[in-house]
Amino acid sequence: MSVKCQNIFVQSLNKMNFITRLSAFCLRKSKMQQRHQSSRRPSAPLGSRILTDPSEVFEHNMWDHMQWSQEEEENAKEKVAENSLVKVQWEDQDKYEREASRYWNEFYKTHKNNFFKDRNWLFLEFPEILPEKGRERLKTEERSAELTKINSTNRFSYKNEMFEGGEKYLKKSYEDGSTSVQGDVYNKTQAKSLTDNPQGKNYGGEFHWLESFPGSDATFRILEVGCGAGNSVFPILKVLCNTPGTFLYCCDFASGAVELVKSHSSYNSAWCSAFVHDVCDDALPYPFPDEILDVILLVFVLSTIHPDRMQGVVNRLAKLLKPGGMLLFRDYGRYDTAQLRFKKGRCLSENFYVRGDGTRVYFFTKDEVWNMFSLAGLTEVQNLVDRRLQVNRKKKVKMQRVWIQSKFQKPLLLSPNNSAETIKRRP
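Here the structure is a predicted model, which means the values were calculated and not measured.

Reading the values: rules and limits
Residues numbered from 1 in each chain as written. Predicted model: local features only at pLDDT ≥ 70, side-chain atom pairs only at ≥ 80, totals over all residues. Heavy atoms only, no water. Patch = residues over 30% accessible without salt bridge, like charges linked within 9 Å, V, L, I, M, F, W, Y side chains within 5 Å. Areas by Shrake-Rupley, 256 points an atom, 1.4 Å probe, with all protein chains shown as cover. Salt bridge = Lys/Arg side-chain N within 4 Å of Asp/Glu carboxyl O. Lys, Arg positive; Asp, Glu negative; His and termini not counted. Charge placed at Lys NZ, Arg CZ, Asp CG, Glu CD. Helix = DSSP H or I, 4+ residues; strand = E, 2+ residues; numbered from the N terminus. Phe/Tyr/Trp six-rings, centres within 6.5 Å; stacked < 30°, edge-to-face > 60°. Buried < 20%, exposed > 50% of the residue type's maximum accessible area, 1.4 Å probe, protein only. Lys NZ or Arg CZ within 6 Å of the ring centre and 35° of its normal. Core = buried A, V, L, I, M, F, W, Y, C linked by side-chain atoms within 4.5 Å. Polar contact = N/O pair within 3.5 Å; in protein donor to acceptor, adjacent residues only side chain to side chain.

J.: Can you break down a positive patch on the surface residue by residue, with the values?
T.: A cluster of like positive charges, contributed by Arg341, Lys343, Lys394 and Lys395, occupies part of the molecular surface. Tracing the sequence through the fold places Lys395 in the loop between strand S12 (379-392) and strand S13 (397-409).

Spelled out as structure tokens, the structure:
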């Protein structure tokens, strides 16, 4: 065989190997997404690391889709029953409620923006944060990056990013607190800031809005409730700043948290406006009218609110959504490691606890979440329990993490069948 023929043969063989490996890669990725897709969970890189060999448990920081044995479930129930026996005195419970903002301000004064990791997983679990065109652009960029990696390395191992749960670590009796971010993103042509017109004008007891309210020119608006130090805000802004017509509102009732957001180097008043707001106070107006939001992000926030006030908060937030708008929720689930680690005397009420720093946390079931959002007139798009095994490889410690992840949508037209009066509670 001539040298020329040999070269052609080698090139042809390499090409066939490339095509074969690429096909195998695509097939493997497709099967992986289908295998781990449950409870209508979207196909995403998150949630694909499955522990099949217990001896390999300390090879990674997180394992997805963990199934609990009956024994593990019973042990968790026993621990919760035990740490709930002794309740916090009523006088102290009242203090934690009245001074909730003070405790969170002290938290952010102590930890600043160093306690939580940025939630770069948001767009994978909640692609609805972006308008349709933005989602397609992000997918195209991800595909391009993937193919570039394949061509450059000539290897086809699909590597998934770890999800650290948005929380940095568990610490003594209180652990990863709840933080989420809200921000207002402005178009560059919008010079009017929130401070110029914080609440519009009130005439004759009715709230009237000036045309220049923040985000009035936007076509896609997002509100993140409980922005904390900006661990959701800035990953979102990084993408939204290249998405024309989008606007991000952001609030927290801890003024110290809002100041941390505003003082961040990536904060730009032309794109984002953070404001102080207590979502439990129905009398407080928002700096924009009702029914204009496309997305509300509620991540590790509702759990910090007293259970008796949660329904009122959800009802008010639902009014801010436009018909077809989406509320995206993620928070602590029942029997999460954080709940099991509480000591006696830290329980406020059933599944509601106070940490050592005075901040509070509730642990949900998905039925409780469904009841709350359904009573607010929203319809379920997704509602699942996310169980993961988080490990500390250095200390050889295993932690069972449980979160609830949900998506609820405001109906285009509210019919008698989905009104609050006709919703039946789940047991």
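J.: Give a detailed account of the packing of aromatic side chains, specifying residues and quantitative values.
T.: In total, this model carries 18 aromatic pairs according to the counting rule given. With a centroid separation of 5.7 Å and 85° between ring planes, the pair formed by Phe329 and Phe364 is classed as edge-to-face. One end of the pair, Phe329, is in strand S8 (residues 321-332); the other, Phe364, is in the loop between strand S11 (360-362) and helix H11 (366-375), with 35 residues separating them in the sequence. For the residue pair Phe329 and Phe364, the accessibility class agrees, reading buried in each case. Directly above the ring of Tyr96 sits Lys95, whose terminal nitrogen or CZ lies 5.2 Å from the centroid. A cation over an aromatic ring shows up here: Arg387 above the ring of Trp68, its NZ or CZ 4.6 Å from the ring centre.

J.: I'd love a proper account of the nonpolar core, names of residues and values included.
T.: Looking at soluble globular proteins, one finds that nonpolar side chains tend to be buried together. Leu223, Phe288, Leu302 and Leu317 are the most contacted members of the largest nonpolar core, which totals 44 residues. Elements with a contribution of two residues or more to this core: strand S4 (220-225), strand S5 (246-252), strand S7 (293-299), helix H9 (307-320), S8, strand S10 (352-354), H11 and S13. Ranked by residue count, the leading element in this core is H9, at 6 residues. In this structure, Leu122, Phe123, Tyr335 and Val402 belong to the second largest nonpolar core, which totals 43 residues.

J.: Tell me about the environment of Val301, and please be specific about residues and values.
T.: Position of Val301 among the secondary structure elements: in the loop between S7 and H9. Residue Val301 is classed as buried on the basis of its relative accessible area of 9%. Considered as a pair, Val301 and Val361 are 60 residues apart in the sequence and their alpha carbons are 9.0 Å apart.

J.: I'd like a description of the side chain of Arg119, backed by residues and values.
T.: Along the polypeptide, Arg119 turns up in the loop between helix H4 (100-111) and helix H5 (122-125). Looking at Arg119, the relative accessible area reads 0%, which means it is buried. Side-chain polar atoms of Arg119 contact the side chain of Ser232, separated by 3.0 Å.

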